[in-house]
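If you want the building blocks of each chain, they are given just below.
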Amino acid sequence: MAVSPDSIAQLERAITNLADRLQNLEDITAIRHLHHSYGYYSDKCLYPSVVDLFSDSPLASVHFLNGVWHGKTGITRLFVDWFGVLFTGGTNKPTKGLLLDHLMMQDIITISQNESGQRTAKGRFRCFLQGGSHTSIAKENRPKGVQEQFWEGGLYENEYIFEDGKWKILTLGYNMLWQADYEKGWFGGEAMTGVEKCFPEDPLGPDEIVTEGKEVWPETRMLPFHYSHPVTGATVG
Amino acid sequence: MAVSPDSIAQLERAITNLADRLQNLEDITAIRHLHHSYGYYSDKCLYPSVVDLFSDSPLASVHFLNGVWHGKTGITRLFVDWFGVLFTGGTNKPTKGLLLDHLMMQDIITISQNESGQRTAKGRFRCFLQGGSHTSIAKENRPKGVQEQFWEGGLYENEYIFEDGKWKILTLGYNMLWQADYEKGWFGGEAMTGVEKCFPEDPLGPDEIVTEGKEVWPETRMLPFHYSHPVTGATVG
Amino acid sequence: MAVSPDSIAQLERAITNLADRLQNLEDITAIRHLHHSYGYYSDKCLYPSVVDLFSDSPLASVHFLNGVWHGKTGITRLFVDWFGVLFTGGTNKPTKGLLLDHLMMQDIITISQNESGQRTAKGRFRCFLQGGSHTSIAKENRPKGVQEQFWEGGLYENEYIFEDGKWKILTLGYNMLWQADYEKGWFGGEAMTGVEKCFPEDPLGPDEIVTEGKEVWPETRMLPFHYSHPVTGATVG
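Source: prediction; values computed, not measured.

1. Things to note about the relation of the copies chain C and chain A
Each copy of the chain is related to the other by a rotation around an axis and a translation along that axis.
Working step 1: Least-squares fitting of chain C to chain A yields an RMSD of 0.0 Å, with the superposition described by an axial translation of 0.0 Å and a rotation of 120 degrees. Those values place the two copies in the arrangement expected of a three-fold rotation axis.

This is the structure in C-alpha cells:
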C-alpha cells in the first residue's frame, strides 16, 4: 500500500501542534529565570544588570510605589540614580552590612501571541524581602530614610516581550503591600509612603504619578489578576 | 525507493510518545498555577473563588487541623461559613488591617493516569504564612481566637483530578506544623489546637475528625511523601 | 504524487529536535524535584535519604561554610556523623522541639551535554531557614552550639549529573550568607563561623578548607552565577 501525501500533511500538523505547545512551556521557563535573576541581581544591588533585563521599547516601564518610570531613561533613573546611590553610593555592588534579600516565588505566567506572531507574556509573582543594616555600620553610613531592619511583602504583575530572540521585561509592576519594622512586626507596621513629585522637579522622581489603587498596609487592596479563575474562567476580585 | 507505511507508523508512535511527555509537563504547570492561585486567593479572603477551585465530586475534601470537610458543602462550610465570617464578617474580601499572606513554594507534582485514561495528580507544597492584625484595628474588630500577629509553617499533600478539560483540587491536605507568636518566635510557639466536634454539633465543624498523625509543634511529625526517593526509589520516612 | 524519503527524513529531524527540547524541560523538572526533596528531607533530619541523593562519583562533594566534604564518605561524615548526631542524637529522624525548616525557591537550572552525550546540569536556588528549639526542651537537650532560635539565608550553586537513568547531585554548593538570632534580627546578626581543621584531625571535619570567598554577614559577597545575563549574555558581577 502506498503512503499518501495526506499522511505526511497530518504528521506535519501534529508536529507543529507539539512545537507550539513546547514553545509555550519553554517561554514560561525563560520568564521564570528572567524574574528569578531580577531577584538575585536586586539582592546584590547590581542595578546596571537589572536595567539590562528590560526592553529598549519606549513602552518599557517600572511601577514602584505610586510612581511610573518610563523607558530605559526612566528605569535607569530609578535603579541606578536612586537605588544605586542610596544603597551603594553609586558603586552598584553589594555593600557591607546591608541586607536586601528578594525572595521570589509563586509564579503564574501566561503567554500570548498577536496576529503578527509577536509573543508577549504576563506574570504574577510574590516577593518577600528582608532588608536593613547591621549594627556594625555607623548610623551615618546607613541608607537615609530606610528602616533599620524590616520585612516587606509585595506582588508583581509584570509584562514581558520576546524581542531579538530573547524574553525581556516590558513592565515591572511591583506592588509593595506591606512593610514591618523588625521590632514591631506588622502589628506595628508602617509602610513607606509614595513619592510626591515627578521628574524633573524631583531629579529622581517618576515620569508619572498614579493616584488610585496604590494603598499600602494597613490597607489591604487586592492586586488584579492578569488571568481568569483556572476552573470557572471568571474574573476574580 | 518507496516510503513504506511502516515508516509512517514509526513516526506516529514517536509523535504520540512526545505528546504524552509534553502533556505531563503541561499538567504539572497547570497544577502549580492552580495551587499558586489558591495561595493568592487565600491572602485576600476570596473564599468563594477558593471553593470554586475544587471538584464537584463527593470525594472532594479539605484536611485542616484534625478535621476533614467533605464535598462542596463541607468545603463551603469551612471556607465561607467559618473563615469568611471569622476574617471578613462574611464579605469574603480583604479586610483592612488583616494580613494573611500565604507564601507557596517547593512544589513536587506527580501525574498519574488510570486504565480508563482519567488523569489524576498528587502534589506536595510548602506554605509559609504571615498573619495577624494591625495595631490600628480595635481589639473587638480583630478575628476572635486568632493570635495578634504570627508566623505559620505547613505542608500540603494534595490530590488533583482532571475533569471537563480542567485540573481541579480533589483533596487539599493541609498540615499546619507550627505557629509562632511574633513576639516569642517558635521558641515560645504554641500552635492552634484542633477542633473538638463534628458538624452538625459544631455548626462549622468538619464531617470527620482524624485522631492520629495530626500533632503540631513542638511535636515534629513527618508528613508522608506521595512519591518515592528520586534516586533510590525507596519509600522515605 | 508519491511521497519521497526526503519528506520522512525531514519529519524525523523535526521530531528529534522536539525530543531534545522536551528532554531539556523534563531534566529541569527532575532537578527541581531533586532539590525540593533535599529541602524536605533536611527539614526532618532524614540524613541517610539526603546522602542517597548524591552521585557515587568520587567527584561528588558538599560545600558547607568554609569546608568541602568529598565523596560519599565525606558527605556521610557531614550529614550523618555531624548533623545526624548533633540534631537527632544519631536517630536521623525529626526531633521533638527542634525546628529546621528549609524553604527552597527561585530555581534557575541549566542543562548541558558533553560530546559523549553525558548530561550534566547546574542549578541556583535560594534557601530561607527557620531553626531552633522550643522552650519546653531542656537546655542540655538542645543542639550544642546552635542558636536558640534563628533565621538563616543562603544560596546554592549546585551541579548535577545524569547517571543510570536518574539525576543525582554531584556538588551541593551551599553558601550560608547570613544568620540572625530571632530576638535581635539581622541588625544584630552574627553568623556561624567556619570550621578550623580538616578530617581526620577533626573527626567530623571536611576534606578540604577553602580560604577565600566564604565571608558571611555582615559581609555581603556575591555568589558567582553559573549562567550569563539572560538578555545581554554578559558575565554578571
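2. Here's the deal with the side chain of Ser61(C)
Working step 1: Its location among the elements puts Ser61(C) in strand S1 (residues 61–64).
Working step 2: Residues contacting Ser61(C), with those up to four places away along its chain left out, are Phe54(C), Val68(C), Trp69(C), His70(C), Ile75(C), Leu170(C), Thr171(C) and Leu172(C).

3. So, the pairing of strand S2 (residues 67–70) of chain B
Residue and element names in this part refer to chain B.
Working step 1: Relative to S2, strand S1 (residues 61–64) runs antiparallel, the two sharing four bridges. Looking at the pairing, Val 62 lines up with Trp 69 of S2.
Working step 2: Direction of pairing for S2 relative to strand S7 (residues 208–209): antiparallel, over a ladder of two bridges. Note that in S7 the partner of Gly 67 across the bridge is Ile 209.

4. Looking at the interface of chain B and chain A
Working step 1: Counting residues at the interface gives 57 residues for chain B and 47 residues for chain A.
Working step 2: Summed over both sides, the interface between chain B and chain A buries roughly 4400 Å², with carbon and sulfur atoms accounting for 66% of that surface.
Working step 3: A salt bridge links Asp43(B) to Arg126(A); its shortest N-O distance comes to 2.9 Å.
Working step 4: Scanning the region where chain B abuts chain A turns up 24 residue pairs in polar contact (both at pLDDT 80 or more).
Working step 5: Looking at the side of chain B that touches chain A, its residues break down into 25 nonpolar, 19 polar and 13 charged.

5. As for the packing of aromatic side chains
Working step 1: A full pass over the atoms with the stated rule returns 78 aromatic pairs over all chains.
Working step 2: When the centroid spacing of 6.4 Å and the interplanar angle of 80 degrees are considered together, the rings of Trp151(A) and Phe128(C) count as edge-to-face. Here Phe128(C) lies in strand S4 (residues 119–133) and Trp151(A) lies in strand S5 (residues 149–163), a pairing that spans two chains.
Working step 3: Judged by its relative accessible area of 0%, Trp151(A) is buried.

6. Quick word on the environment of Leu46(A)
Working step 1: Here Leu46(A) lies in the loop between helix H1 (5–43) and helix H2 (47–51).
Working step 2: Judged by relative accessible area, which is 7%, Leu46(A) ranks as buried.
Working step 3: C-alpha separation for the pair Leu46(A) and Pro94(A), spaced 48 residues apart in sequence, amounts to 7.5 Å.
Working step 4: Apart from residues lying up to four places away in sequence, Leu46(A) is in contact with Tyr41(A), Asn92(A), Pro94(A), Met222(C), Phe225(C) and Val236(C).

7. Considering the packing of H1(A) against helix H1 (residues 5–43) of chain B
Working step 1: Contact pair H1(A) / H1(B): the axes reach a minimum separation of 10 Å and the direction vectors enclose 30 degrees. On the basis of the axis angle, H1(A) is roughly parallel to H1(B). Of the two elements, H1(A) crosses H1(B), and the hand of that crossing is left-handed. Residue-level inspection shows Ser7(A), Ile8(A), Leu11(A), Ala14(A), Ile15(A), Leu18(A), Arg21(A), Leu22(A), Leu25(A), Ile28(A) and Arg32(A) of H1(A) in contact with H1(B), the latter providing Ile8(B), Leu11(B), Glu12(B), Ile15(B), Leu18(B), Ala19(B), Leu22(B), Gln23(B), Leu25(B), Glu26(B), Thr29(B) and Arg32(B).
Working step 2: Within the contact of H1(A) with H1(B), the residues separate by chemical class into 15 nonpolar, three polar and five charged.

8. Digging into the nonpolar core
Working step 1: Formed by 194 residues in total, the largest nonpolar core has its most connected members in Phe79(A), Phe79(B) and Phe79(C).
Working step 2: With near-sequence residues (within four places) excluded, Phe79(A) lies in contact with Tyr38(A), Tyr47(A), Val50(A), Val51(A), Phe54(A), Val62(A), Gly84(A) and Leu172(A).
Working step 3: Ranked by size, the runner-up nonpolar core spans 21 residues in total, among them Ile8(A), Ile8(B), Leu11(B) and Leu25(B).

9. Overview of the pairing of strand S6 (residues 166–181) of chain C
Residue and element names in this part refer to chain C.
Working step 1: In terms of residue burial, S6 counts as a mostly covered element, since 15 of its 16 residues are buried.
Working step 2: Pairing geometry for S1 and S6, over three bridges, is parallel. Residue Val 62 lies in a different strand from S6, and its bridge partner there is Leu 172.
Working step 3: Here strand S5 (residues 149–163) pairs with S6 via 12 bridges, running antiparallel. Of the residues in S6, the one forming a bridge with Glu 163 is Lys 166.
Working step 4: Counting the residues that bridge the hairpin from S5 to S6 gives two residues, and of these Asp 164 lies at a positive phi of roughly 50 degrees.

10. Some words on the UniProt feature "domain: SnoaL-like" (unreviewed entry) in chain A
Working step 1: Under the local residue numbering, the UniProt record ascribes the feature "domain: SnoaL-like" (unreviewed entry) to residues 24–170 of chain A.
Working step 2: The span residues 24–170 of chain A shows a helical share of 29% and a strand share of 40%, and its end C-alpha atoms are spaced 18 Å apart.

11. Side note on the sheet that holds strand S7 (residues 208–209) of chain A
All names here are of chain A.
Working step 1: Strand order across the open sheet formed by seven strands is S3-S4-S5-S6-S1-S2-S7, with mixed pairing between neighbours. Each having just a single partner strand, strand S3 (98–113) and S7 make up the two edges of the open sheet.
Working step 2: Sheet analysis places strand S4 (residues 119–133) next to S5, joined by 13 bridges and oriented antiparallel. Residue Arg 126 lies in a different strand from S5, and its bridge partner there is Leu 155.
Working step 3: Along the sheet, H1 makes contact with S3, S4, S5 and strand S6 (166–181), crossing S3 at roughly 160 degrees.
Working step 4: Against the sheet, helix H3 (residues 71–88) makes contact with strand S1 (61–64), strand S2 (67–70), S3 and S6, and its axis sits at roughly 115 degrees relative to S2, the strand it touches most.

Calculation notes
Residues numbered from 1 in each chain as written. Chains lettered and ligands numbered in written order. Predicted model: local features only at pLDDT ≥ 70, side-chain atom pairs only at ≥ 80, totals over all residues. Heavy atoms only, no water. Least-squares fit on C-alpha atoms with pLDDT ≥ 70 in both. Helix = DSSP H or I, 4+ residues; strand = E, 2+ residues; numbered from the N terminus. Contact = heavy atoms within 4.5 Å. Pairing = 2+ DSSP bridges. Buried area = accessible area lost by both parts, 1.4 Å probe. Salt bridge = Lys/Arg side-chain N within 4 Å of Asp/Glu carboxyl O. Polar contact = N/O pair within 3.5 Å; in protein donor to acceptor, adjacent residues only side chain to side chain. Nonpolar A, V, L, I, M, F, W, Y, C, P; charged D, E, K, R; others polar. Phe/Tyr/Trp six-rings, centres within 6.5 Å; stacked < 30°, edge-to-face > 60°. Buried < 20%, exposed > 50% of the residue type's maximum accessible area, 1.4 Å probe, protein only. Axes fitted to C-alpha atoms, helices over the stretch in contact; angles between N-to-C directions. Parallel < 35°, antiparallel > 145°, perpendicular 65-115°, else oblique. Left-handed = near helix turned anticlockwise from the far one by under 90°. Core = buried A, V, L, I, M, F, W, Y, C linked by side-chain atoms within 4.5 Å. UniProt positions renumbered as here; feature names shortened; annotations may be inferred.

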